[in-house]
Structure formats: structure tokens, C-alpha cells
Amino acid sequence: MNEQAHRRPPKPYRRPKKDPVRILAFEALRAVDERDAYANLVLPPLLKKAREKDDFDGRDAALATELVYGTLRRQGTYDAIIATCIDRPLREVDPPVLDVLALGAHQLLGTRIPSHAAVSASVELARVVLGDGRARFVNAVLRKIAQDDLDAWLERVAPPYDKDAEDYLAVVHSHPRWIVSALWDSLGGGRAGIEDLLEADNERPEVTLVARPGRSTADELLEVLGEESGLPGRWSPYAVRLAEGGEPGAIDAVREGRAGVQDEGSQLVAIALANAPLDGPDERWLDGCAGPGGKAALLAALAAQRGASLLASEKQPHRARLVERALAGNPGPYQVITADGTRPPWLPGSFDRVLMDVPCTGLGALRRRPEARWRRRPEDLEGFAPLQRALLREALSAVRVGGVVGYATCSPHLAETRVVVDDVLRGRGGPAVEAELLDARPLIPGVPALGEGPDIQLWPHLHGTDAMYLALLRRTA
């Protein structure tokens, strides 16, 4: 019998199975990587397009969402694990291949999908989007990862806590080391607090609605949603929390603009500014960095109840249009303009209350934008610093003597919060400003753990909100 007779016949070529859920998740991750897109902006249109097909249902959408956000949140941990399973530096692996590997790692280590199914589905995805050759590489790497669970892998890839606490936390909780250090400095305290915070950053945030005063109420929203779909807010009297899977766009009040989607921390910032005691009239309010319009809409509604007007200013035209949409239908007087808050068109001393929610690194919203943690760099702080100080100085110029300014950021980083306020009050880098800090804590009653004051720092793990910061300043001269 000749040698050829002993050879097995070649396997017939099998077309890879196209899995619409995983293909969609891969497309979303590629958009995040290639175009610096945000998942919360990329994913909804992809899901909408997929839902138009009969073979993509609500469970598929939920799985695709979990795969995208879970992979992005745990990217640092998965990269460390993948790096131990390959024979080359991670940077030498093509980004699309890394995306497929990370998706597979998340299914293996971060979901209840059986290991064999996670590997098989990931290899099929690789065959569709990468080709058979690289699919074999994906198969080999994921089979190595599947040999251990997440806890076992973390013991291997993370240094001991007592030898390098920050690096341990960075690997275990999937945050860049510099962000771990910055959050720890801002939070203070020991190990338990920082671990709770980092864990909260990796949890899926609730969707929170705001009932805009004078136009709807929290009770109205709760009645529409029912006990199974809606819960009262924790701290804001205007907040309602949606149960998992709730769709805000299905609620009439949201479609009509009488309510909106707004994190409860953002609501508390507006409420605190509105509750601040004033010396003198209370007629003209300013939101100096109003886009995309959530705080402006709440401020406008609160101002209307007192017979006051709101001027909402936003530098970027497309964001100014979002503000106009958010304020449409407000019963009180308001105006939306496109203007640079550092070169304002209004006269000094024109307003009684001013909010400056300044551009920042966004480190307080990593639950919602997990990819931001991998994009931000320590040097970004230097880029924002001059703008933040300039906007606060202009806000204090815009308010009259006796009026109040709220300086807010969606970042707890000390360089974007207390350091900015202190520099402006002390005249570092510019003229000194005659103003005093107000104790903001009593202005949002019932909210615990706000810190030593007089400013406010909210936290995901303590308050269930984004890590919003607020300092209130009264102009004294």
C-alpha cells in the first residue's frame, strides 16, 4: 500500500458561522479604538440597526452591550493575562486581534458563558473578521486562558499588595496606575475605600431620570413606570431610577422633554447651587458651560419657579443645539447662546447665580465611559488647567457682589477640584478674586459622607452617582 493511501482526505472547507451579537460587539470595539469613539455613542445606533433585523432580539442586545462594556472596563486586566499567554510583546499584536482576544477573555473570565462555548464563539468570530490563520492564534491563546478562572489569573499577573499596592490595584481593578494613585489621593483613607471605589467604577451604572420641576414630578414617573420598573432616587427629590433594561425613550414625559436622563450627582450640583442663600435679588442665572444641557434644563425649571431667567451658554455649536433641545418647552424665560465662557459677551456683575461645570478629564464618569480611563494621560491635566482657572475667574466676574458661583467638575482629581479653587482665590496665575467659600453640604440635605467641606465630593461607591465635585463661592467685592 503506497504512502498516499494512508493519508487522511483533507477536511472540506467550512464557512465560519456569523454570530451577529459578537460581530456587533467587535465592530463597536474597533470604532472605539480606531476613531476614539465612545461606546455610549457608538453602540445605540449599531443596536438599532441590528434590531431592525428579525434575528436580533432584546436578549441579543443585552449580551452585545455586556460584551462591549465588560471588555472595555476590564481591558487592563485582560491585557495583563493575554500578555502571559503569547510569545511577543502585546504592542506587536494587531489591534483587531487583541479586540477578539479581549472579547474572548471577557466571556471566559467575566461572564457565565461556558468555557467551550466562549472559545468556540470567539474562534468563529476570528474566522469571520480576521481569517483562518489568525483564528488559529486566537484559539491557542484562549485555550490557555480557559485553563484558570479569574481569581487564579489575578494571583499570577498582579504583584502582591504589600509590595506594590498601586500596581496591584491597577491590575486587579483594571485602571491605569496613575488614575489609581490620583483617586486614592482624592479619596484618602485606607485600602477598603479605594477598592470599593475601583469596583464601583467597573459596575454598570443605573439609568436615572430627572423630573423637571413645574413640568413633571418623580411621583408621576414612578406611577407610569410601576413598582417593577422604577425606584425613587436616593437623594434628589426629582430623581427616579430605572430598573435594568428600562427604556427612557418609551416614557411620554421623556419624549416630551418634561423629564430627561440625568445622573443623580448632576442633579445634586444644580440643586445645591439653586439652594444657596443670596444677598439681594435672585432674578438672573447663568450656566456658563451648558452643553449638553442636563443641568441647564434643571436650573431653568428651578429658576422659572422663582420668576428668574436662565442664560445657557455653550462654546461648541453642536452642543449648544443639544442645550436648546433640552430646554425646549421650559415655562420660564431662558436663552441659549453660543459663546466662549473665557471671552464672555455679558457684562461683569450681570448674574445672581452662575454655574461653571468646566471641561475636565471626566475621571468621575468612568462607569459610563470606561474607555476614557485608557485614553487619558497625566499630561491632560496640564491642558485643562488654564481653561478651568479662566472659566472660574470669569464666572466670579459675571456674578454680582453677594451672588453665588458654583464650580463643578465630573472629576475628583485634586488638580481639577480644590487646587483650581484655591489658586483662583489666592491669585495664583492671575488676579486675586474677592470671594468666600460657602459650606455646600447643608444645601443637599440627607446626603451623607460629603467630606470635611466646605466643598462637596460625591462618589460612585458611597452615593451611587458619578464622582461630581462642587465648590460654592460668594463674591464679596
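What comes next concerns the included structure. Along every chain, residues carry numbers that run from 1 in the direction the sequence is written. Residue-level local features of this predicted model are given only where pLDDT is at least 70; pairs of side-chain atoms are given and counted only at 80 or more, and the full residue set underlies all totals for whole chains, interfaces and linings. To get the side-chain values, all heavy atoms of the structure are used, and hydrogens and water are removed first.

Moving on, we get to the sheet that holds strand β3 (residues 239-242). Here the rule is simple: two strands pair whenever DSSP picks up at least two bridges between them. Only DSSP runs of H or I reaching four residues or more are called helices, and only runs of E reaching two or more are called strands; each is numbered from the N terminus. Spatially, the four strands line up as an open sheet ordered β2-β3-β1-β4, and their pairing is antiparallel. Each edge of the sheet is formed by a strand with only one pairing partner; in this case those strands are β2 (230-232) and β4 (259-261). Taken over all neighbouring pairs, the strand axes of this sheet differ in orientation by 30° on average, direction set aside. Across three bridges, β2 lies against β3 in antiparallel orientation. When the sheet's bridge partners are listed, Gly 230 is paired in β3 with Leu 242. Throughout, a contact is declared for two residues whenever any of their heavy atoms are within 4.5 Å. In this analysis an axis means a line fitted to C-alpha atoms, helices contributing only their contacting stretch, and an angle means the value between N-to-C directions, from 0 to 180 degrees. Helix-sheet contacts for helix α13 (residues 218-225) involve β1 (208-211), β2, β3 and β4, and the interaxial angle to β3 is about 20°.

Moving on: unusual backbone geometry. Looking along the chain, the bond that leaves Gly 291 and enters Pro 292 is cis, with omega of 0°. The amide bond that connects Gly 453 to the next residue, Pro 454, takes the cis arrangement and shows omega of 0°. A positive phi angle, near 55°, is found at Ser 174, a position not held by glycine. Checked against the element boundaries, Ser 174 lands in the loop between α10 (165-173) and α11 (177-187). Given a relative accessible area of 0%, Ser 174 falls into the buried group. Unusually for a residue other than glycine, Ala 449 sits at a positive phi of about 55°. In this structure, Ala 449 sits in the loop between β10 (435-438) and β11 (456-457). Exposure categories follow from relative accessible area, calculated using a 1.4 Å probe and restricted to protein chains: below 20% of the type maximum is buried, above 50% is exposed, and the middle band is partly exposed. Taking the relative accessible area as the measure of exposure, Ala 449 reaches 46% and is therefore partly exposed.

Note on aromatic contacts: the rings of Phe and Tyr and the six-membered ring of Trp form a pair at centre separations within 6.5 Å, being stacked when their planes are under 30 degrees apart, edge-to-face when over 60 apart, and tilted otherwise. Within this structure, the stated rule accounts for three aromatic pairs. Geometrically, the ring pair formed by Tyr 161 and Tyr 168 is edge-to-face, given 5.6 Å between the ring centres and 90° between the ring planes. The class for Tyr 168 is buried, based on a relative accessible area of 18%. Look at Tyr 407 and Tyr 469: their rings are 6.4 Å apart centre to centre, the planes differ by 70°, and that puts the pair in the edge-to-face class. Separated by 62 residues along the polypeptide, Tyr 407 in strand β9 (residues 399-409) and Tyr 469 in strand β12 (residues 469-475) bring together distant segments of the chain. By relative accessible area, Tyr 407 is classed as buried at 0%. Residue Tyr 469 is classed as buried on the basis of its relative accessible area, which comes to 3%. Charge over a ring is defined by NZ of Lys or CZ of Arg lying within 6 Å of the ring centre and within 35 degrees of the ring normal. One residue, Arg 191, lies across the ring of Tyr 161, its end atom 3.8 Å from the ring centre. Here Arg 369 stacks its cationic end above the ring of Tyr 38, 4.1 Å away from the centre of that ring.

What follows concerns the nonpolar core. For this analysis, a nonpolar core means a set of buried residues of the types Ala, Val, Leu, Ile, Met, Phe, Trp, Tyr and Cys, connected via side-chain atoms within 4.5 Å. Formed by 71 residues in total, the largest nonpolar core has its most connected members in Phe 56, Val 68, Leu 101, Val 138 and Ile 145. It is helix α2 (residues 20-35) that contributes the most residues to this core, nine residues altogether. Once residues within four sequence positions are removed from consideration, Phe 56 is found in contact with Pro 20, Val 21, Leu 24, Leu 47, Ala 50, Arg 51, Ala 61 and Ala 64. The next biggest cluster of nonpolar side chains, apart from the first, holds 43 residues, and it includes Ala 272, Ala 274, Ala 408 and Leu 450.

A few words on the packing of helix α7 (residues 115-129) against helix α8 (residues 132-145). Between two packed helices, both the angle of their axes relative to each other and the distance between the axes serve to describe the pair. Look at α7 against α8: their axes get within 8 Å of each other, and the N-to-C directions meet at 160°. With respect to α8, the axis of α7 lies roughly antiparallel. The way α7 lies across α8 gives a crossing that is right-handed. For the pair formed by α7 and α8, the contact residues are Val 119, Ser 122, Val 123, Ala 126 and Arg 127 on the first element and Asp 132, Ala 135, Val 138, Asn 139, Leu 142 and Arg 143 on the second. Each residue receives one of three labels: charged for Asp, Glu, Lys and Arg, nonpolar for Ala, Val, Leu, Ile, Met, Phe, Trp, Tyr, Cys and Pro, and polar for the others, Gly being one of them. Looking at the contact of α7 with α8 residue by residue, the classes come out as six nonpolar, two polar and three charged. Throughout this description, any angle smaller than 35 degrees is read as roughly parallel, any larger than 145 degrees as roughly antiparallel, any in the 65 to 115 degree range as roughly perpendicular, and the remainder as oblique. Each crossing is labelled by how the near helix is turned from the far one, with a counterclockwise turn of less than a right angle marking it left-handed and a clockwise turn marking it right-handed.

A word on the layout of surface pockets. Both cavities and pockets are sets of points on a 1 Å grid over the protein atoms alone; in a cavity a 1.4 Å probe fits but cannot get out, in a pocket the set is open with protein on both sides within 12 Å along at least five of seven lines, and lining residues sit with an atom within 4 Å of a point. Grid points are joined across faces, edges and corners, and a volume is the space filled by probe spheres set on the points. Volume-wise, the second largest pocket comes out at about 450 Å³. Forming the walls of the second largest pocket are 19 residues, and the residues nearest its centre are Asp 33, Gln 75, Asp 79, Leu 98 and Asp 99. Only α2, α4 (58-73), α5 (75-84), α6 (95-110) and α18 (372-375) provide two or more residues apiece to the lining of the second largest pocket. Looking at side-chain class alone, the lining of the second largest pocket contains nine nonpolar, two polar and eight charged residues.

In this section: the pattern of salt bridges. When a carboxyl oxygen of Asp or Glu is within 4 Å of a side-chain nitrogen of Lys or Arg, the pair counts as a salt bridge. Inspection of the entire model under this criterion finds 38 salt bridges. The shortest N-O distance in the salt bridge between Asp 352 and Arg 400 comes to 2.5 Å. With a gap of 48 residues between them, Asp 352 in strand β8 (residues 351-357) and Arg 400 in strand β9 connect regions that are remote in the sequence. Arg 400 matches Asp 352 in its accessibility class, with the two residues each being buried. What you see here is one network of salt bridges that share partners, running through Arg 389, Asp 422, Asp 423, Arg 426 and Arg 428.

Moving on to the environment of Ala 50. The topology assignment puts Ala 50 in helix α3 (residues 39-51). Given the relative accessible area of 11%, Ala 50 is considered buried. For the pair Ala 50 and Ser 122, spaced 72 residues apart in sequence, the C-alpha separation works out to 20 Å. Residue contacts for Ala 50: discarding those within four places in its chain leaves Leu 24 and Phe 56.

In this structure, Glu 195 sits in helix α12 (residues 191-201). Looking at Glu 195, its side chain comes within polar contact range of the side chain of His 173, at 2.6 Å. Setting aside residues no more than four positions away along its own chain, Glu 195 makes contact with Tyr 168, Leu 169 and His 173. Counting of polar contacts relies on pairs of N or O atoms within 3.5 Å, with two restrictions inside protein: one atom must be capable of donating a hydrogen and the other of accepting it, and residues adjacent in sequence are counted only when both atoms are side-chain atoms.

Once that is clear, we can look at the packing of α10 against α12. Relative orientation of the contacting elements α10 and α12 amounts to 25°, with a least axis distance of 10 Å. Relative to α12, the element α10 is oriented roughly parallel. Remark: the crossing between α10 and α12 carries right-handed chirality. Contact residues: α10 offers Tyr 168, Leu 169 and His 173, while α12 offers Arg 191, Ile 194, Glu 195, Leu 198 and Glu 199.

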